Amino acid sequence: VQLQASGGGLVQAGDSLRLSCAASGLTFSNYVMGWFRQAPGKEREFVAVISRVGGSTYYADSVKGRFTISRDNAKNTVYLQMNSLKPEDTAVYYCAADKNLMFTTAVVSSQNSYAHWGQGTQVTVSS
């Protein structure tokens, strides 16, 4: 399984970015897909997750209403649309995948639930 995240960059507060994570080596529709982020000096934290066919999503409170996760199973890709970006959104963003996890909020928000990780893409939001 390989996950390739892209779309990061340097933006100003209030701007938007869309991250993509292209997956290969798996039957994509069998996997729950998540986004996590890690800011300098901080632990990796949950951002958003989407169920296998996209019918369910869950967000961290800090991004709810600003970020939208979606997936295109035909393209083996998961997206994170980030609007109204804030300086505190600055972090390396990682996509993650797991085939076996149960879609409950406690499980999907834990990085320990995911077996596969991408390499990360840097998002920097200036004030």
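**Student:** How do you make sense of the pattern of salt bridges when you look at a structure like this?
**Tutor:** Think of it this way: side chains of opposite charge can pair up when their charged atoms draw near. Within this structure, the stated rule accounts for 4 salt bridges. Ionic pairing is found between Arg66 and Asp89, a salt bridge with its closest N-O pair at 2.7 Å. With a gap of 23 residues between them, Arg66 in the loop between β6 (57-59) and β7 (67-72) and Asp89 in the loop between β8 (77-82) and β9 (91-98) connect regions that are remote in the sequence. Neither Arg66 nor Asp89 differs from the other in exposure class; each is buried. Salt bridges here are not isolated pairs; linked through shared partners, they connect Arg37, Glu45, Arg66 and Asp89.

**Student:** Teacher, can you tell me more about the environment of Leu80 here?
**Tutor:** Within the fold, Leu80 resides in strand β8. In this structure Leu80 comes out as buried when scored by relative accessible area, which is 0%. Once the C-alpha coordinates of Leu80 and Phe67 are considered, the two residues, 13 residues apart in sequence, prove to be 6.7 Å apart. When residues no more than four places from it in sequence are discounted, the contact partners of Leu80 are Leu17, Arg18, Leu19, Trp35, Val47, Ala48, Phe67, Thr68, Ile69 and Tyr93.

**Student:** Help me understand the state of the cysteines, please; the structure alone is not making it clear to me.
**Tutor:** Simply put, the disulfide is a covalent bond whose two ends are the sulfur atoms of two cysteines. Scanning all chains against the criterion turns up 1 disulfide. The partner cysteine of Cys21 in its disulfide is Cys95, sulfur to sulfur 2.1 Å. A torsion of 60° about the S-S bond marks the disulfide between Cys21 and Cys95 as right-handed. Taken as a pair, Cys21 in strand β3 (residues 17-24) and Cys95 in strand β9 lie far apart in primary sequence, 74 residues in all. The class for Cys95 is buried, based on a relative accessible area of 0%.

**Student:** Explanation requested: the packing of aromatic side chains in the structure shown.
**Tutor:** Given two aromatic rings, one states the distance between the centres and the angle between the planes to describe the pair. If you walk through the whole model with that rule in mind, you get 5 aromatic pairs. Summarising the aromatic geometry, the rings of Phe36 and Tyr114 are spaced 5.3 Å apart at their centres and angled 80° between planes, so their arrangement reads as edge-to-face. With a gap of 78 residues between them, Phe36 in strand β4 (residues 32-38) and Tyr114 in the loop between α1 (105-108) and β10 (116-117) connect regions that are remote in the sequence. Given the relative accessible area of 5%, Tyr114 is considered buried. Ring pairing ties together the aromatic residues Phe36, Phe46, Tyr58, Tyr114 and Trp117, which thus form one cluster. Stacked on the ring of Tyr94, the Lys or Arg Arg44 has its end atom at 4.1 Å from the ring centre.

What counts, and at which threshold
Residues numbered from 1 in each chain as written. Predicted model: local features only at pLDDT ≥ 70, side-chain atom pairs only at ≥ 80, totals over all residues. Heavy atoms only, no water. Salt bridge = Lys/Arg side-chain N within 4 Å of Asp/Glu carboxyl O. Helix = DSSP H or I, 4+ residues; strand = E, 2+ residues; numbered from the N terminus. Buried < 20%, exposed > 50% of the residue type's maximum accessible area, 1.4 Å probe, protein only. Contact = heavy atoms within 4.5 Å. Disulfide = S-S within 2.5 Å. Phe/Tyr/Trp six-rings, centres within 6.5 Å; stacked < 30°, edge-to-face > 60°. Lys NZ or Arg CZ within 6 Å of the ring centre and 35° of its normal.

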